[in-house]
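An overview of the molecular structure
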Amino acid sequence: MSSLDTKTRGRTSRGRLRALDAYLCRFEPELLSRRDGPWARAVFVDVGFGEHPWTTLESAEAFRALQPEMTVIGVELDAERARAAGAHADARTHFRQGGFELPLLEDEPARLVRAMNLLRQGPPERVPEVHRTLGRYLLPSGLLVEGSSDATGAILTAHLLRRRPEDAEPSLTREALLFHTDFSHGFAPLLFRDWLPRDLRRRVRPGEPIHAFFSEWAAAWEEARAAGHTAPPEAFREAALRLAARTGAVETDAWLLSGGYLVWRPGGGISP
Ligand SMILES: C[S@@+](CC[C@H](N)C(=O)[O-])C[C@H]1O[C@@H](n2cnc3c(N)ncnc32)[C@H](O)[C@@H]1O
């Protein structure tokens, strides 16, 4: 265990990260399926899969629809959870004990590293180092997804952090912030505040870019409701379209908006 790793509870539930899987399959098919050069060996790493590896196995199934040969590695700090998950291992699915210094072999570069619901406790100041540490295992243009969700996955947010292809030394761009809701809790932009990634959660205060973003989103939502779009899915969609027009930094893809996904991609990236 390195000084970055801290013990956390292991709760997870089936289906919790399904919406994230669906987003990645739809918008990152090349990342998931490419097999040129080192990408032929490139793995998906699920860091901190929890008491049971349900979400790892669900993602493996989803991603293998695009790339049947993909190697999937679930990593757990808790040795007993890692051992028990071994019951679900096969030739292309491995479970290993380890922390943010990932237990990968030399010929296992990562195409995608996911760290969901790991950083809820602990100081936000350690987050940049966790990102840097996990980013080191990615191939150039590989993706690190780090964020939080509620227990069932009804509300989810995640950083999309991309390894810069041009830099020899691994470094990440904070490319976008992904929001998703299945509307089972209704919808208002502030629904997401308590589920923001660890480094942003306490930053929704005046003067911070994330605060300005939520203020714009709330204003767009009020406008949408005033225009008669009160049902949560409709209010979400209409607010997103207004927010996109106001900021120029929100995607307006129909699949995203009808599915409860909002992608915020500001020009300079998500400020740290
Ligand atoms: C709340 S569970 C999350 C499970 C799953 N990722 C999900 O989103 O439902 C967090 C798990 O991460 C593990 N964990 C915490 N820090 C870790 C680290 N540095 N490296 C690997 N696993 C870690 C904990 O042992 C725990 O089992």
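The model shown is predicted, which means the values in this text are computed figures rather than measured ones. (Residues numbered from 1 in each chain as written. Predicted model: local features only at pLDDT ≥ 70, side-chain atom pairs only at ≥ 80, totals over all residues. Heavy atoms only, no water.)

Attention shifts here to the layout of surface pockets. Gaps left between atoms are located by rolling a probe of water-molecule size over the structure's atoms. There is about 260 Å³ of room inside the second largest pocket. Taken together, 13 residues make up the lining of the second largest pocket; nearest its centre are Pro128, His131, Arg174, Asp199 and Pro272. Those elements that place two or more of their residues in the lining of the second largest pocket are α5 (127-135) and β7 (172-181). Residues that form the lining of the second largest pocket fall into these classes: five nonpolar, one polar and seven charged. (1 Å grid on protein atoms, 1.4 Å probe; cavity = no way out; pocket = protein on both sides within 12 Å on 5 of 7 lines; lining within 4 Å. Points joined across faces, edges and corners; volume = space filled by probe spheres on them. Helix = DSSP H or I, 4+ residues; strand = E, 2+ residues; numbered from the N terminus. Nonpolar A, V, L, I, M, F, W, Y, C, P; charged D, E, K, R; others polar.)

In this section: the domain arrangement of the protein. Segmenting the protein into domains produces domain 1 (18-180) and domain 2 (203-248). The gap between the C-alpha centroids of domain 1 and domain 2 is 30 Å. (Domains from an automatic or database assignment.)

Bringing the side chain of arginine 201 into the picture now. Assignment of secondary structure puts arginine 201 in the loop between β7 and α6 (209-226). For the buried arginine 201, no salt bridge exists, and the shortest N-O distance to an oppositely charged side chain is 6.5 Å, to aspartate 194. Within the structure, arginine 201 has its side chain in polar contact with the side chain of serine 148 (distance 3.5 Å). Polar contacts involving the side chain of arginine 201 include one to the main-chain carbonyl oxygen of leucine 196, which spans 2.8 Å. In this structure arginine 201 touches Arg120, Ser148, Arg193, Asp194 and Leu196, once residues within four positions along its chain are discounted. (Buried < 20%, exposed > 50% of the residue type's maximum accessible area, 1.4 Å probe, protein only. Lys, Arg positive; Asp, Glu negative; His and termini not counted. Salt bridge = Lys/Arg side-chain N within 4 Å of Asp/Glu carboxyl O. Polar contact = N/O pair within 3.5 Å; in protein donor to acceptor, adjacent residues only side chain to side chain. Contact = heavy atoms within 4.5 Å.)

The mixed open sheet is built from eight strands, whose spatial order is β3-β2-β1-β4-β5-β6-β7-β8. The sheet is open, and its two edges are formed by β3 (93-97) and β8 (261-264), each paired on a single side. Averaged over all adjacent pairs, the angle separating strand axes in this sheet is 20°, with direction ignored. When strand β1 (residues 43-47) meets strand β4 (residues 110-116), the two strands line up parallel, connected through four bridges. (Pairing = 2+ DSSP bridges. Axes fitted to C-alpha atoms, helices over the stretch in contact; angles between N-to-C directions.)

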